[in-house]
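Chains, contacts and geometry: an overview
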Amino acid sequence: MGLNVVAVDTGENKKELSLRLGAKHFIDFKVDTPEIKIKELLGTGVHAAICLAVSKAGFESAYASVRRGGTLVLVGLPPEDMPVPIFDTVINGITLVGSIVGTRRDLAECLDFAAQGKIKTNIEVRKLEEINTIFDELEKGEVTGRIVMDYE
């Protein structure tokens, strides 16, 4: 979409994947504080952040990364309540958007991007016998992309 992407995750495998898929910058949240590093890199916050995290710390970091007049899109569904700093939200003109499903127009745009070759996927096919290893990798955050199970 012509945007400069700052990916925030942890680990070399996620860094390599993010940069390979087009991110301009990668911030490892276990090494740096994302909102501080973003402001160092950009001189201000981001225009928009998409928060996929399911943790309070991830939500707070994404919120703190958004510049005045920016937008925070919330996709992750954490198990705990996420307090929103109302005063800062109003004063800084931050827009909060929740998104769990797309519209038909969103789907059409997505399919158009795919048809133009603008969407890259990272899919790994694994055998059912590897299910316990796969779950271990998921729990450790080592899976980059999606795993498709081969039942044959």
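The coordinates are above.
Residues numbered from 1 in each chain as written. Predicted model: local features only at pLDDT ≥ 70, side-chain atom pairs only at ≥ 80, totals over all residues. Heavy atoms only, no water.

1. Here we look at the pairing of strand β4 (residues 66-74)
Strand direction decides the pairing type here: strand β3 (residues 46-51) and β4, joined by five bridges, are parallel. The partner of Ala-49 across the bridge, within β4, is Leu-72. The β-α-β motif built from β3, the intervening helix α3 (residues 56-65) and the parallel element β4 has right-handed crossover chirality. Note: β4 against strand β5 (residues 95-98), four bridges, orientation parallel. Within β5, the residue paired with Val-73 across the bridge is Val-97. (Pairing = 2+ DSSP bridges. Helix = DSSP H or I, 4+ residues; strand = E, 2+ residues; numbered from the N terminus. Right-handed = clockwise from strand over helix to strand, strands pointing away.)

2. Comments concerning the pattern of salt bridges
A full pass over the atoms with the stated rule returns eight salt bridges. Residue Lys-14 is joined to Asp-9 by a salt bridge in which the shortest nitrogen-to-oxygen separation is 4.0 Å. Residue classification places Lys-14 among the buried residues on the basis of a relative accessible area of 10%. Through salt bridges with shared partners, a single network forms among Glu-124, Arg-126, Glu-130 and Glu-137. (Salt bridge = Lys/Arg side-chain N within 4 Å of Asp/Glu carboxyl O. Buried < 20%, exposed > 50% of the residue type's maximum accessible area, 1.4 Å probe, protein only.)

3. Comments concerning the sheet that holds β5
One open sheet accounts for three strands, arranged β3-β4-β5; its pairing is parallel. Every interior strand has two partners, whereas the edge strands, β3 and β5, have only one. Averaged over all pairs of adjacent strands, the angle between strand axes in this sheet comes to 15°, irrespective of strand direction. Packed onto the sheet, α3 meets β3, β4 and β5 and runs at close to 145° relative to β4. (Axes fitted to C-alpha atoms, helices over the stretch in contact; angles between N-to-C directions. Contact = heavy atoms within 4.5 Å.)

4. Quick word on helix α2 (residues 34-42)
For α2, the full list of buried residues reads Pro-34, Glu-35 and Ile-38. In a view along the axis of α2, the buried residues occupy a sector of 95°, so they form one face of it. Buried residues in α2 make contact with β1 (6-9), β2 (25-28), β3 and α3. Of the residues one or two after α2, Gly-43 is the one with positive phi, at around 80°. (Arc of directions from axis to C-beta.)

5. Some remarks on the side chain of Glu-137
Within the element layout of this structure, Glu-137 appears in helix α6 (residues 131-139). A relative accessible area of 19% means that Glu-137 is categorised as buried. Once residues within four sequence positions are removed from consideration, Glu-137 is found in contact with Arg-126, Glu-142, Val-143 and Ile-147.

6. Considering the packing of α2 against α3
Following both chains from N to C, one finds α2 and α3 inclined at 25°, their axes separated by 8 Å at the closest point. Between α2 and α3, the interaxial angle falls into the category roughly parallel. α2 and α3 meet at a crossing whose hand is right-handed. Contacts between α2 and α3 pair Pro-34, Glu-35, Ile-38 and Lys-39 from the former with Ser-61, Ala-64 and Ser-65 from the latter. Broken down by class, the residue content of the contact of α2 with α3 amounts to three nonpolar, two polar and two charged. (Parallel < 35°, antiparallel > 145°, perpendicular 65-115°, else oblique. Left-handed = near helix turned anticlockwise from the far one by under 90°. Nonpolar A, V, L, I, M, F, W, Y, C, P; charged D, E, K, R; others polar.)

7. Points about the environment of Gly-58
Tracing the backbone through its elements, the reader meets Gly-58 in helix α3. Spatially, the C-alpha atom of Gly-58 lies 27 Å from that of Val-148, the residues being 90 residues apart in sequence. Setting aside anything within four residues of it in sequence, one finds Gly-58 in contact with Cys-51 and Ala-53.

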